[in-house]
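For reference, the chains in residue letters:
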Amino acid sequence: MYGNINEEDVTEEETKDEHRKEITEDGDTQDGVASEIETCASGIGLQAADSAEPRGISDARVIWPLYLAHTLSAWGDRMWKFSVGLFLVVLSPGSLRLTASYGFTNGMCVLLFAALIGDWVDKTPRMKVVKVSLFTNNFTICINALVVLVLLVYPEHLTAAAAGDDVLVTLCEVLVILIAVVSSLATVATQISLERDWVVVIAGGNKSKLANVNAWMRRIDLTTNILAPVVVGQLMTFTSSATTCIFISCWNVVSAVAEYWLLWRMYRECPQLALKSLRKSQTHGNARRHAR
């Protein structure tokens, strides 16, 4: 009898142990599932938080001044590059001497000095590059348009001032070509600074964002390439070459101020753009300490 009782007790104990193990395993499984659910929920929450950040709004607030400044700059450049060839043809009717001289001189100077301009852009603080290149570009175009205006309106006075000789006229023509080359070099500096430096910093390593910004910059270039010559042609057709010179001169004065204000605003909105000058100042500071 006692043996039977002991066997039954043992059987009951084993059954209880098996139930305990099953309950423990079920609890562990539930805990694991709960932890996985919490992990997934936390990941979803983080993604939602990231998507909820006003990142796109801040990006748009920073980038739209770049687009507008680039539009103003490109429009002024395209108007002048198209009109300067026409002005040179008007100044030397029946000959392409001035136009060919301008094209050759401009191409050679860009070829020779583009690398030096790139080095200067790399070694100079961003806002200083923008200030120098923008004002140089716009005000050289303004001065050049006024020189062309003088050649168009007062050629007899220049000839009379030189005692019947065309020396002053020739000097003014050379001055037009040289100033036009300077404005082209300033345009190269602006393009390198904005399209190769500022855009990369604003993108912040985001390749899709960089591609999107570059695409919009390219769209602006193509649009101004199409529309600016049309506007200049209409002005010269329905008004006069002198009126077109005055319009281009006034446009570049107003555009210079507007472009600088827009880029200065973007510079303030994007603190990463100041890091270039900060690193440079730190390098100079370390060099002075080592010298001491």
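See above for the structure.
The following paragraphs examine the structure supplied in this document. What you see is a predicted model, and the numbers here were worked out from it, not measured in a lab.

Rules of the game
- One numbering rule holds for all chains: residues counted from 1, following each sequence as written.
- Given that this is a predicted model, residues contribute local features only at a pLDDT of at least 70 and side-chain atom pairs are listed and counted only at 80 or more, while totals for whole chains, interfaces and linings are drawn from all residues.
- Computation of side-chain values covers all heavy atoms of the structure but excludes hydrogens and water.
- We define a nonpolar core as any set of buried Ala, Val, Leu, Ile, Met, Phe, Trp, Tyr and Cys residues linked to one another through side-chain atoms lying within 4.5 Å.
- Here the term buried applies to any residue with accessible area under 20% of the maximum for its type, exposed to any over 50%, and partly exposed to those in between, with areas from a 1.4 Å probe on protein chains only.
- Strands are runs of DSSP state E lasting at least 2 residues, helices are runs of H or I lasting at least 4, and numbering of each runs from the N terminus.
- By definition, residues are in contact when any of their heavy atoms lie within 4.5 Å.
- Only the six-membered ring of Trp is used, alongside the rings of Phe and Tyr, when aromatic pairs are assigned; centres must lie within 6.5 Å, and planes under 30 degrees apart are stacked while those over 60 apart are edge-to-face, with the rest tilted.
- Any Lys or Arg side-chain nitrogen located within 4 Å of an Asp or Glu carboxyl oxygen qualifies as a salt bridge.
- With a 1 Å grid laid over protein atoms only, a set of points is called a cavity when a 1.4 Å probe fits there but cannot get out and a pocket when it is open yet has protein on both sides within 12 Å along at least five of seven lines; lining residues have an atom within 4 Å of a point.
- Grid points are joined across faces, edges and corners, and a volume is the space filled by probe spheres set on the points.
- Each residue is assigned to one class: nonpolar for Ala, Val, Leu, Ile, Met, Phe, Trp, Tyr, Cys and Pro, charged for Asp, Glu, Lys and Arg, and polar for all the others, Gly among them.

Turning our eyes to something else, we now look at the nonpolar core. Ranked by size, the top nonpolar core spans 26 residues in total, and within it Trp80, Phe87, Leu88, Tyr102, Val148, Leu151 and Val176 carry the most contacts. Among the elements of the structure, helix 2 (55–91), helix 3 (97–123), helix 4 (126–153), helix 6 (167–203), helix 7 (207–238) and helix 8 (241–269) are those that each provide at least two residues to this core. A per-element tally of this core places helix 2 first, with 7 residues. When residues no more than four places from it in sequence are discounted, the contact partners of Trp80 are Phe87, Ile141, Asn144, Ala145, Val148, Ala180, Ser183 and Ile248.

The next point concerns the packing of aromatic side chains. Tallying each qualifying case throughout the model produces 6 aromatic pairs. Measuring from ring centre to ring centre gives 6.3 Å for Tyr67 and Trp216, while their planes differ by 40°; the resulting arrangement is tilted. Of this pair, Tyr67 sits in helix 2 while Trp216 is found in helix 7, placing the two residues 149 residues apart along the sequence. Consider the rings of Phe135 and Tyr260, whose centres lie 5.6 Å apart with planes at 50°: the pair is tilted. A residue pair is termed long-range when its members are at least 10 positions apart, and Phe135 in helix 4 and Tyr260 in helix 8 qualify at 125 residues.

Let's shift gears to the pattern of salt bridges. Scanning the entire structure with this criterion turns up 4 salt bridges. The salt bridge partner of Arg78 is Asp221, with a shortest N-O separation of 3.5 Å. Here the residue Arg78 occupies a position in helix 2, and Asp221 occupies one in helix 7, the gap between them amounting to 143 residues. The partner of Arg97 in a salt bridge is Glu173, with the nearest N and O atoms 3.9 Å apart. On the criterion of sequence distance, the pair formed by Arg97 in helix 3 and Glu173 in helix 6 is long-range, its members being 76 residues apart. Here Glu173 falls in the buried class, since its relative accessible area comes to 8%.

Our next topic: empty space enclosed by the protein. With the rule as written, the count across this model stands at 2 cavities of 30 Å³ or more. The volume enclosed by the largest cavity comes to roughly 80 Å³. Forming the boundary of the largest cavity are His70, Ser73, Ala74, Asp77, Arg78, Thr187, Thr190, Gln191, Leu194, Glu195 and Asp221. Taken together, the residues that form the lining of the largest cavity break down as 2 nonpolar, 5 polar and 4 charged. Reported here for the second largest cavity is a volume of approximately 40 Å³. Looking at the lining of the second largest cavity, the elements that each hand over two or more residues are helix 2, helix 4 and helix 6. In terms of residue class, the lining of the second largest cavity is made up of 2 nonpolar, 4 polar and 2 charged.

In this section: the environment of Val213. With respect to the helices and strands, Val213 occurs in helix 7. Of the residues examined, Val213 reaches a relative accessible area of 3% and is grouped as buried. The spacing of Val213 and Val199 is 14 residues in sequence and 7.2 Å in space, taken between C-alpha atoms. Among all residues touching Val213, those that are not within four sequence positions of it are Ile63, Leu66, Tyr67 and Val199.

By themselves, these are just geometric observations and shouldn't be taken as functional.
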